[in-house]
Number of protein chains: 2
Amino acid sequence: MTAFSTSEAIASNPLPPSDSRQRVSQFLQTLQDRICNGLEKIDGGATFQEDKWEREEGGGGRSRVIREGNLFEQGGVNFSEVWGSDLPPSILVQRPEAAGHRFYATGTSMVLHPRNPYIPTVHLNYRYFEAGPVWWFGGGIDLTPYYPFAEDAAHFHKTLKQACDRHHSEYYPTFKLWCDEYFYLKHRGETRGVGGIFFDYQDGQGVLYRGPDGQGHAAKHSQQVGTVRERTWEDLFAFVQDCGNAFLPAYVPIAEGRQGTAYGDRERNFQLYRRGRYVEFNLVYDRGTIFGLQTNGRTESILMSLPPLVRWEYGYTPEPNTPEAELYERFLKPQDWANWVPTA
Amino acid sequence: MTAFSTSEAIASNPLPPSDSRQRVSQFLQTLQDRICNGLEKIDGGATFQEDKWEREEGGGGRSRVIREGNLFEQGGVNFSEVWGSDLPPSILVQRPEAAGHRFYATGTSMVLHPRNPYIPTVHLNYRYFEAGPVWWFGGGIDLTPYYPFAEDAAHFHKTLKQACDRHHSEYYPTFKLWCDEYFYLKHRGETRGVGGIFFDYQDGQGVLYRGPDGQGHAAKHSQQVGTVRERTWEDLFAFVQDCGNAFLPAYVPIAEGRQGTAYGDRERNFQLYRRGRYVEFNLVYDRGTIFGLQTNGRTESILMSLPPLVRWEYGYTPEPNTPEAELYERFLKPQDWANWVPTA
């Protein structure tokens, strides 16, 4: 490749293959299937119920929910594929080239609320957009524990890092940072959990990080991220597939490992209280949720991410030297979990 | 009064008295005291606990919470009085004359979550602003029943209408409409409850209604509202005092009347489910909550409005011909409650 063609590739987005939409959509549906199968297996009680739905303006989806299982109090795994004439202004600001073009968007998203407070809540979302001359991949996965187990956070991050490292050494550190910054509750001064990876607007161009997201504490990190060589559509699709496929190995061992741990009212109450933070994040900050609600999204599918039972308590603070306090002090702040080593 | 001085009074905001801040603040603190006393009396079990707090940028408040009472599962009544150098942009859009001036704001707000599902949740907020050449009053009160009792909705609205009618015949119809439009969940196609009254930016000028609020279904009503003669600061302060004082007579008879009604799991589950709508409204739409969270408000006081226990359920719809269905069909849509008459 000559220097000329390299700089041209950076300046203009390489074309996707002619069957790009079909391939991504197919992958995301298969991912939904495989995730649901894997989760039913570890639950051992309930199964997913599916609702197929159509969107008036074009497209539709299949929403799947598992309820009152052995392991999962509630979990939702959604696939959707939609198209229309105008992307929302919030996206056009980031991708002005898409203005005036019809768009296509497909994605798979998931939130799981386990019953046992020792098992973390987990969220996953991978998505793909095309609009006129532009296309991009986005998504991520993040873990929200209620009780502090460093080995769980480390396992989760190490698994994601392995998937990322197969594609580019800059991916994990950049997208881990982005995740910490995006899933941040400014009004609480807390991360949502121990994070994971998050990325958006990944196309053939060399810019990895499109933040900061305006969620508060991003500015100090903005020096740390850079650009990489240009990437093809195939590079990025392969990366997203690896990320999606990393979910079960990242989460299942944690869920299975904690499933048998006995708990009482104290742990259950703390779990219900902490679930309130999930609601606060999704309704106050999450751009996908807010956009979906304020436009013509399918409300029940969007709000499937909310926990089945939640508690708020005025003025709660954890007692010092308890597991609950350790969660606040160590797990609700960004940490380098991928390099965590057990202390002897 | 000559025609000249009348039109001048409409064009420019009449001055408040020199002790305006002190008088409003005093009234709002007394209102907080009287409301708390009245609620403790009907609860008969728990009492309000107070937290005094100061705001770094200027001012402070006193937050009071009642918990695990006989009647109230949780209730919060806040008073605050704050000042600073810049009003937020969202307010400056409505009051550009305030730009570049220091502001003063004081308010009393309240949300009550009763335990018995037959007793409605209720919200009240009255506030006063000054900034440079402008001042205004805002606020309102609205009722959110879980079970449909037309006589309760009618009593609430008739009591508010009486308070309004003592000041201007246009107040109740205009502010009732504004309330229906503001407390509207677009993504659910539901009002939050049976409404009440809501108003904002009430100053000496003749414009009553500053909406629509962009919450969806306001446009069709925008013809119905007009202007009134100019009003003095004293007129409006007297009106707001009457509104505040109308709370106990509007709500206490409803709470006392339903307190003894027995309920079971069905009613409790429906109450917890419907409380989810309260959370959705406050976190997705309520400008005060969102602004408070995204700036430097006292989070615990702002989120005191959230219910102590909440349930979400994917795909819930009430069974036909049940009280729950009647709530949706008749009570979560604007109705002319003030003119309701019992059918023989």
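Notes on the structure in this doc start here. Being a predicted model, the structure only gives us computed values, none of them experimental. (Residues numbered from 1 in each chain as written. Chains lettered and ligands numbered in written order. Predicted model: local features only at pLDDT ≥ 70, side-chain atom pairs only at ≥ 80, totals over all residues. Heavy atoms only, no water.)

### A word on the overall build of chain A
Across its full length, chain A holds eleven helices and ten strands. A buried classification covers 60% of the 344 residues belonging to chain A. Carbon together with sulfur atoms contributes 51% to the accessible area of chain A, which is approximately 13,900 Å² in total. (Helix = DSSP H or I, 4+ residues; strand = E, 2+ residues; numbered from the N terminus. Buried < 20%, exposed > 50% of the residue type's maximum accessible area, 1.4 Å probe, protein only. Areas by Shrake-Rupley, 256 points an atom, 1.4 Å probe, with all protein chains shown as cover.)

### What to know about the relation of the copies chain B and chain A
When chain B is fitted to chain A, the best match, at an RMSD of 0.0 Å, comes from turning it 180 degrees and sliding it 0.0 Å along the axis. Taken together, these values place the two copies in the relation of a two-fold axis. For chain B, the smallest separation between a C-alpha atom and the rotation axis is recorded for Val-310 of chain B, amounting to 2.5 Å. Looking at chain B, 100% of its interface residues are interface residues in chain A too, so the copies touch through the same face. (Least-squares fit on C-alpha atoms with pLDDT ≥ 70 in both. Contact = heavy atoms within 4.5 Å.)

### A word on the nonpolar core
Core analysis: the largest hydrophobic core is formed by 164 residues, its most contacted members being Leu-39, Ile-197 and Phe-247 of chain A together with Leu-39, Ile-197 and Phe-247 of chain B. Sequence-distant contacts of Phe-247 of chain A, defined by excluding residues within four places in its chain, comprise Ile-35, Leu-39, Met-110, Leu-112, Val-122, Leu-124 and Ile-141 of chain A. (Core = buried A, V, L, I, M, F, W, Y, C linked by side-chain atoms within 4.5 Å.)

### Focus on helix α5 (residues 171-182) of chain B
All names here are of chain B. In a regular helix each residue adds 1.5 Å, so twelve residues correspond to 16 Å; α5 covers 16 Å between its end C-alpha atoms and thus fits that length. In terms of residue burial, α5 counts as a mostly covered element, since eleven of its twelve residues are buried. The set of residues buried in α5 consists of Tyr-171, Tyr-172, Thr-174, Phe-175, Lys-176, Leu-177, Trp-178, Cys-179, Asp-180, Glu-181 and Tyr-182. (Expected span 1.5 Å × (residues − 1).)

### Some thoughts on the pairing of strand β3 (residues 72-84) of chain A
Residues and elements named next belong to chain A. Of all 13 residues making up β3, ten are buried, and the element is well covered by its neighbours. Two successive antiparallel strands, strand β2 (residues 59-67) and β3, enclose a turn made up of four residues, where Glu-68 displays a positive phi of approximately 55 degrees. Pairing geometry for β3 and strand β4 (residues 103-114), over twelve bridges, is antiparallel. When the bridges of β4 are listed, Glu-81 appears paired with Thr-106. (Pairing = 2+ DSSP bridges.)

### Overview of the sheet that holds β3 of chain A
Residues and elements named next belong to chain A. Spatially, the seven strands line up as an open sheet ordered β1-β2-β3-β4-β5-β6-β9, and their pairing is antiparallel. Pairing within the sheet leaves two strands with one partner each, and these edge strands are β1 (49-54) and β9 (195-202). On average, each strand axis in the sheet is tilted by 5 degrees relative to the strand beside it, whichever way the strands run. Contacts between helix α4 (residues 150-165) and the sheet are confined to β5 (121-131), β6 (134-144) and β9, with β9 contributing the most and set at about 30 degrees to the helix. (Axes fitted to C-alpha atoms, helices over the stretch in contact; angles between N-to-C directions.)

### A word on the interface of chain B and chain A
Listed by partner, the interface residues are 35 residues for chain B and 35 residues for chain A. Approximately 2,900 Å² of surface area, both sides summed, lies buried where chain B meets chain A, with 56% of it carried by carbon and sulfur atoms. Ranking the residues of chain B by area buried against chain A places Glu-300, Trp-312 and Tyr-314 of chain B at the top, with a combined share of 29%. The interface formed by chain B and chain A contains two salt bridges. When the shortest N-O distance is used, the salt bridge between Glu-300 of chain B and Arg-188 of chain A registers 2.8 Å. (Buried area = accessible area lost by both parts, 1.4 Å probe. Salt bridge = Lys/Arg side-chain N within 4 Å of Asp/Glu carboxyl O.)

### A closer look at the packing of helix α4 (residues 150-165) of chain B against α5 of chain B
All names here are of chain B. Close contact between α4 and α5 brings their axes to 8 Å; oriented N to C, the two are set at 130 degrees. By the criterion of interaxial angle, the relationship of α4 to α5 is oblique. Contacts between α4 and α5 pair His-157, Leu-160, Lys-161, Cys-164 and Asp-165 from the former with Tyr-171, Tyr-172 and Lys-176 from the latter. Its residues assigned to classes, the contact of α4 with α5 shows four nonpolar, one polar and three charged. (Parallel < 35°, antiparallel > 145°, perpendicular 65-115°, else oblique. Nonpolar A, V, L, I, M, F, W, Y, C, P; charged D, E, K, R; others polar.)

### Observations regarding the pattern of salt bridges
All names here are of chain B. Per the counting criterion, the structure on display carries 52 salt bridges over all chains. The partner of Arg-188 in a salt bridge is Glu-280, with the nearest N and O atoms 2.7 Å apart. One end of the pair, Arg-188, is in the loop between β7 (184-185) and β8 (190-191); the other, Glu-280, is in helix α8 (residues 265-285), with 92 residues separating them in the sequence. As far as burial versus exposure is concerned, Arg-188 and Glu-280 are alike and both buried. Here Arg-266 makes a salt bridge to Glu-324, at a shortest N to O gap of 2.6 Å.

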